[in-house]
Amino acid sequence: MDGDELLAAQRARAATVQQATLDQLERCLVVAQTAISQTKAKWLPTFQLLREQYIAELQGSDRAQLEAQRGRLVQERKETQDRLKRYRALAQETLPKLMAERETLLDDLDEHHRAYYEARKRKFDQLTAASEGKLRLTLAHAANHATYVHVPPHVDHRFRWMATTRSEPCRPPVPTACRPLFRARRNRWTA
């Protein structure tokens, strides 16, 4: 036997083995498919019965709406938790920097407020000296913030939130009686 005949014999034997293996796999697959089909055939009537009962129950109640709402709420909860995680991470990253910047700005504000007070105090002293004692101008520095934030009881509570500075904690009292301004229109400051 020469090399070509040997090669042809090996190829024929390989093809025979390959065909036998494929035939055996096909038989195994047919057996497995039959077993799966039988199992599915046994299970399908039970599934169909339960499915019909479930659909009948959903149609007879508001459970379908509740199921749909539950799905939406679960999705919203997941999205909200994801947003919360992102915001917490962002806060943990930026909060120390923000707090340091806040402290710096508050220190600058205190310096500017002190400089403003000193300039006003010099002007008051200058006016008092220029009036040769006829004017007695005094100015107190707002060292105690609580004193300047106190809202007098006669001031309407609606104006407390409009305070803009420490020296102006609230707007002046406004009469709340009904006063006609333009024909039968009411005063906008009245309740």
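Bear in mind that the values here come from a model prediction, so they are computed numbers and not experimental data. Residue numbering note: each chain is counted from 1, following its sequence as written. Since the coordinates come from a predicted model, pLDDT governs what is reported: local features require at least 70, and pairs of side-chain atoms require 80 or more to be given and counted, while whole-chain, interface and lining totals use all residues. The basis for the side-chain values is all heavy atoms of the structure; hydrogens and waters are excluded.

With that out of the way, let us pick up the overall build of the protein chain. Secondary structure elements follow DSSP: runs of H or I of four or more residues count as helices, runs of E of two or more count as strands, with numbering from the N terminus. Within the protein chain one finds three helices and zero strands. The contact rule is simple, with two residues in contact once any of their heavy atoms fall within 4.5 Å. Of the contacts formed within the protein chain by residues at least 6 apart in sequence, a portion of 16% connects residues at least 24 apart. Accessibility throughout is a Shrake-Rupley quantity obtained with a 1.4 Å probe, and a residue counts as covered only by protein chains that appear here. In the form shown here, the protein chain has an accessible surface area of approximately 17,100 Å², with 58% of it arising from carbon and sulfur atoms.

Before going further, it helps to spend a moment on helix α2 (residues 63–130). Expected span of a helix: the number of residues minus one, times 1.5 Å. The terminal C-alpha atoms of α2, which comprises 68 residues, lie only 87 Å apart, well short of the 100 Å expected from a rise of 1.5 Å per residue. Here the bend at a residue means the angle between the axes of two seven-residue stretches, the one that ends at it and the one that starts at it. Of all the bends found along α2, the most pronounced is centred on threonine 94 and spans about 40°, while proline 96, a proline, follows it within four residues. Looking at the residues trailing α2, positive phi occurs at glutamate 132, about 55°.

Another point: helix α1 (residues 3–59). For an α-helix, the turn length of 3.6 residues means that residues three or four places apart are oriented alike. For α1, built from 57 residues, the straight-helix expectation of 84 Å at 1.5 Å per residue is met to within 8% by its first-to-last C-alpha distance of 78 Å. Within α1, the axis deviates most sharply at tryptophan 43, by approximately 30°, and proline proline 45 lies no more than four positions further along.

This part is about the packing of α1 against α2. The axes are straight lines fitted to the C-alpha atoms, using for helices just the contacting stretch, and the angles between their N-to-C directions are given from 0 to 180°. The contact between α1 and α2 brings their axes to 6 Å, and the two run at 95°. In terms of orientation, α1 lies roughly perpendicular with respect to α2. Two secondary-structure elements touch here, α1 through Tyr54, Glu57 and Leu58 and α2 through Arg63, Ala64 and Glu67. Gly falls in the polar group here, along with every residue not listed as nonpolar (Ala, Val, Leu, Ile, Met, Phe, Trp, Tyr, Cys, Pro) or charged (Asp, Glu, Lys, Arg). Residues that form the contact of α1 with α2 fall into these classes: three nonpolar, no polar and three charged. Relative orientations are named as follows: roughly parallel for angles under 35 degrees, roughly antiparallel for angles over 145 degrees, roughly perpendicular for angles from 65 to 115 degrees, and oblique for any other angle.

Our next topic: the side chain of serine 131. The residue serine 131 is located in the loop between α2 and α3 (145–149) in this model. Judged by relative accessible area, which is 14%, serine 131 ranks as buried. Of note is the side chain of serine 131, whose polar atom sits 3.0 Å from the backbone oxygen of threonine 128. Only protein chains enter the accessibility calculation, which uses a 1.4 Å probe; a residue whose area is less than 20% of its type maximum is buried, one above 50% is exposed, and one in between is partly exposed. Polar contact is defined as a pair of N or O atoms within 3.5 Å, subject to the rule that within protein one atom must be able to donate a hydrogen and the other to accept it, and that residues adjacent in sequence are counted only when both atoms are side-chain atoms.

Once that is clear, we can look at the pattern of salt bridges. The salt bridge definition used is simple: a Lys or Arg side-chain nitrogen within 4 Å of an Asp or Glu carboxyl oxygen. Counted according to the given criterion, the structure contains three salt bridges. With its nearest N and O atoms 3.3 Å apart, the salt bridge here joins arginine 102 to glutamate 103. Among the salt bridges present, the one from aspartate 125 reaches lysine 121, with a minimum N-O distance of 3.9 Å. Of this pair, aspartate 125 and lysine 121 both sit in helix α2, four residues apart, which is roughly one turn of the helix.

Moving on, we get to a negative patch on the surface. Like charges are joined within 9 Å and nonpolar side chains (Val, Leu, Ile, Met, Phe, Trp, Tyr) within 5 Å, but only among residues with over 30% relative accessible area and no salt bridge; these make up the patches. Residues scored as charged are limited to Lys and Arg (positive) and Asp and Glu (negative), so that His and the chain ends carry no count. By convention, the point assigned to a charge is CZ for Arg, NZ for Lys, CD for Glu and CG for Asp. Taken together, the side chains of Asp107, Asp108, Asp110 and Glu111 present a region of like negative charge at the surface. Within the secondary structure, aspartate 110 is located in helix α2.

Let us now look at the confidence of the model for the protein chain. Here pLDDT means the predictor's own confidence in every residue, given as a number from 0 to 100. Mean pLDDT over the protein chain works out to 77, with 72% of the residues at or above the 70 mark. Taken as a whole, residues 158–191 scores under 50 in pLDDT and shows 40 contacts with residues more than four places along the chain or in a different chain.

It is worth spelling out a nonpolar patch on the surface at this point. A contiguous nonpolar patch, built from Trp43, Leu44 and Phe47 and spanning about 290 Å² of accessible area, is present on the exposed surface. Considering the arrangement of structural elements, one finds leucine 44 in helix α1.

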